[in-house]
Amino acid sequence: MTLATQLWAENADVVAEVLANPFVRGIGDGSLDRDLFAGYIAQDAFFLESFARAYGLALARSSDTATLMAFADLLAGVREELGLHASYAASWGIDMAGVEPAAATLAYTEFLLATAATGGLGVVCAAMTPCMRLYAHVGTTLDADTAGPYAQWVQTYADPGFEEVAALLERLLDQHADDVPAQRVAYRRAMRLELAFFDAALTPRG
């Protein structure tokens, strides 16, 4: 069993909590309040910009060409995801300018950027993998046919292309596994922050 597979299995309890979260369930059955989803999209766009910066920090510290190019591909994937958010903003009238990050958003982004700035590549990958693997899992678990206005969101994360990106990051995690205890802690922390991010999305922001 690879380290990435092992860490995912060790965090099955958090995965179950995410799938049971009312926000995620509301996306899956199409019942989620549109204003809550709009607020989530704005927060997620803020988060993704920090995610991209974390990839950039990892890219700059890559010790071999293959790793450098892999992080470049991962960075390009974030750009595509931000494009999805921009299309939602345009069609739903979401104001993406001057987004004020929620406490849960800041906690997650600050953790990622601090880890990317100071941790080894293995720990950085461990901190970033949960986001990718969890969204791929949620996308394939939910049913776009029942998601109503959120079908495009479900389809995006259920797409095989997104799975490929998540698997690429997991391969980097396995390749740069140099401090497994620290990687285990970072992975678990990111998983809990993901859950807190969905929890926070249930609170209207005005």
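Above this text sits the structure in question.
Residues numbered from 1 in each chain as written. Predicted model: local features only at pLDDT ≥ 70, side-chain atom pairs only at ≥ 80, totals over all residues. Heavy atoms only, no water.

1. Points about the overall build of the protein
For the protein, the count of helices and strands is 10 helices and 0 strands. Tracing the protein from N to C terminus, the helices and strands come up as α-α-α-α-α-α-α-α-α-α. A compact globule built from 206 residues would reach a C-alpha radius of gyration of about 17 Å, and the protein, at 16 Å, matches this within 12%. Considered along the principal axes of its C-alpha atoms, the protein spans approximately 45 × 35 × 30 Å. Burial statistics for the protein: of 206 residues in total, 49% are counted as buried. Of the contacts formed within the protein by residues at least 6 apart in sequence, a portion of 83% connects residues at least 24 apart. Here the protein contributes 12 positive and 26 negative side-chain charges, whose respective centroids are spaced 4 Å apart. (Helix = DSSP H or I, 4+ residues; strand = E, 2+ residues; numbered from the N terminus. Rg over C-alpha atoms; globule rule 2.2 N^0.38 Å. Buried < 20%, exposed > 50% of the residue type's maximum accessible area, 1.4 Å probe, protein only. Contact = heavy atoms within 4.5 Å. Lys, Arg positive; Asp, Glu negative; His and termini not counted. Charge placed at Lys NZ, Arg CZ, Asp CG, Glu CD.)

2. Looking at the nonpolar core
Counting 72 residues, the largest nonpolar core has I27, F37, Y40, F51, Y55, Y135 and W153 as the members making the most contacts within it. Not counting chain neighbours up to four residues away, the residues in contact with Y40 comprise F23, Y135, W153, F197, F198 and A201. (Core = buried A, V, L, I, M, F, W, Y, C linked by side-chain atoms within 4.5 Å.)

3. As for the packing of helix α4 (residues 34-60) against helix α10 (residues 180-200)
Two numbers describe how α4 lies on α10: the axes approach to 10 Å, and their chain directions differ by 150°. Along its contact with α4, which presents Y40, Q43, D44 and F47, the element α10 presents E194, F197 and F198. When grouped by side-chain class, the residues that make up the contact of α4 with α10 number 4 nonpolar, 1 polar and 2 charged. (Axes fitted to C-alpha atoms, helices over the stretch in contact; angles between N-to-C directions. Nonpolar A, V, L, I, M, F, W, Y, C, P; charged D, E, K, R; others polar.)

4. Let's talk about the side chain of T67
Structurally, T67 is set in helix α5 (residues 65-92). At 3.4 Å, the side chain of T67 forms a polar contact with the side chain of Q175. Among the polar contacts listed, one links the side chain of T67 to the side chain of H176, at a separation of 3.0 Å. Every residue in contact with T67, bar those within four places of it in the chain, is listed here: S62, L121, L172, Q175 and H176. (Polar contact = N/O pair within 3.5 Å; in protein donor to acceptor, adjacent residues only side chain to side chain.)

5. Re the packing of aromatic side chains
The description of two aromatic rings rests on the distance between their centres and on the angle between their planes. Across all of its chains, the model carries 17 aromatic pairs by this definition. Here Y40 and W153 contribute two aromatic rings whose centre-to-centre distance is 6.4 Å and whose plane-to-plane angle is 65°, an arrangement assigned as edge-to-face. Taken together, the residues Y40 in helix α4 and W153 in helix α8 (residues 151-158) connect sequence positions 113 residues apart. Like Y40, the residue W153 is buried in the burial classification. Measuring from centroid to centroid gives 4.9 Å for Y157 and F162, while their planes differ by 85°, and the two rings are edge-to-face. (Phe/Tyr/Trp six-rings, centres within 6.5 Å; stacked < 30°, edge-to-face > 60°.)

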